[in-house]
Amino acid sequence: GGWRSSGINAEYGLLSGALIKSLCYSNTMTKNLAIGNTLHSRILVLKGSPDSRTQYMAIMNSIFAAQKSKVAIDSCVLGEDSTFLQQSSEMTGGTYVRVTDHNKLAQYLLSVFLMGAEFRKSFNTPPAAKVDFRAACQCHSKMTDVGYVCSVCMSVYCTFRPMCMTCNAHFKLPTALFKAKKVTGKRKLEALNGKT
């Protein structure tokens, strides 16, 4: 475990907290602009630790807030790929770069992240990585292709749960699922074609 303060595990809350604080600062700066001026905010995340699936909801909320505020999130990752930061850069129009040779970190920071987003298209920047848009389930913190989504808080689960672990909303399975009959062979084909 990590350092604990007020019952919150700080080891897992640093990335989402940093994104939220950066968005608040950007919002404050935007509100303080003189009339007619615009601010094109960007956030640069330099990350060297692995993703923590327990922070999925907080990080995704930060990404959606950045997207709505038109703030690009640039990501420079040292070590293993970060699914969260790949998603955040893709969804906000930022750039994601994984630095494999730490001796070239300064080169990446100066050549890729220092220039504005409008100029990056003119230069030969590293190609975008294939982004994994799967969601992490709340129950096991594993990436899932298909799952159940809470209609209240948008938490994702890999199996049905009668109650959401995040917001405590209650769900009921439709009674038709309980009465489903097992059909095989010719009857299954007829059921699929709409014949009974």
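Because the structure is predicted, anything quoted here is derived from the model rather than measured. (Residues numbered from 1 in each chain as written. Predicted model: local features only at pLDDT ≥ 70, side-chain atom pairs only at ≥ 80, totals over all residues. Heavy atoms only, no water.)

Thoughts on the overall build of the protein chain
Working step 1: Within the protein chain, the secondary structure is distributed over seven helices and nine strands.
Working step 2: For the protein chain, the share of sequence-separated contacts (at least 6 apart) that also reach a separation of at least 24 residues comes to 48%. (Helix = DSSP H or I, 4+ residues; strand = E, 2+ residues; numbered from the N terminus. Contact = heavy atoms within 4.5 Å.)

Some points on helix 3 (residues 83–92)
In an α-helix, one turn spans 3.6 residues; hence positions three or four apart end up facing the same way.
Working step 1: Summarising burial for helix 3: eight of the ten residues are buried, a large majority.
Working step 2: When we look at burial in helix 3, the residues that qualify are T83, F84, L85, Q86, Q87, S88, S89 and T92.
Working step 3: Directly after helix 3, the chain includes G93, whose backbone phi takes a positive value near 85°. (Buried < 20%, exposed > 50% of the residue type's maximum accessible area, 1.4 Å probe, protein only.)

Notes on the sheet that holds strand 5 (residues 96–99)
Working step 1: Pairing is parallel across the open sheet formed by three strands, whose spatial order is 3-4-5. Only two strands of the sheet have a single partner each, and these edge strands are strand 3 (42–47) and strand 5. Neighbour-to-neighbour, the strand axes of the sheet open up by a mean angle of 15°, direction not taken into account.
Working step 2: Here helix 3 sits on the sheet in contact with strand 3, strand 4 (72–78) and strand 5, set at roughly 150° to strand 4. (Pairing = 2+ DSSP bridges. Axes fitted to C-alpha atoms, helices over the stretch in contact; angles between N-to-C directions.)

Observations concerning the environment of V97
Working step 1: Secondary-structure assignment places V97 in strand 5.
Working step 2: Residue V97 is classed as buried on the basis of its relative accessible area, which comes to 3%.
Working step 3: V97 sits twelve residues away from L109 along the chain, and the two C-alpha atoms are 9.8 Å apart.

Considering the packing of aromatic side chains
Working step 1: Applying the stated criterion across every chain yields a total of one aromatic pair.
Working step 2: Relative to F160, the ring of Y148 lies with its centre 5.9 Å away and its plane at 75°, an arrangement referred to as edge-to-face. Within this pair, whereas Y148 is found in strand 8 (residues 148–149), its partner F160 is found in the loop between strand 9 (156–157) and helix 6 (175–178), the two being separated by twelve residues in sequence. (Phe/Tyr/Trp six-rings, centres within 6.5 Å; stacked < 30°, edge-to-face > 60°.)

Focus on the pairing of strand 3
Working step 1: Side chains of strand 3 alternate between two faces, with I43, V45 and K47 buried and R42, L44 and L46 left unburied.
Working step 2: One ladder, built from six bridges, connects strand 3 with strand 4; its direction is parallel. Counterpart to L46 in the pairing with strand 4 is C76.

Observations concerning the packing of helix 2 (residues 56–69) against helix 3
Working step 1: At a closest axis distance of 9 Å, the pairing of helix 2 and helix 3 adopts a crossing angle of 15°. When the axes of helix 2 and helix 3 are compared, the pair comes out roughly parallel. The hand of the helix 2/helix 3 crossing is right-handed. Two secondary-structure elements touch here, helix 2 through Y56, I59, M60, I63, F64, A66 and Q67 and helix 3 through F84, Q87, S88, M91 and T92.
Working step 2: For the contact of helix 2 with helix 3, the per-class residue count stands at eight nonpolar, four polar and no charged. (Parallel < 35°, antiparallel > 145°, perpendicular 65-115°, else oblique. Left-handed = near helix turned anticlockwise from the far one by under 90°. Nonpolar A, V, L, I, M, F, W, Y, C, P; charged D, E, K, R; others polar.)

So far we have only geometry, and geometry alone does not tell us how the molecule works.
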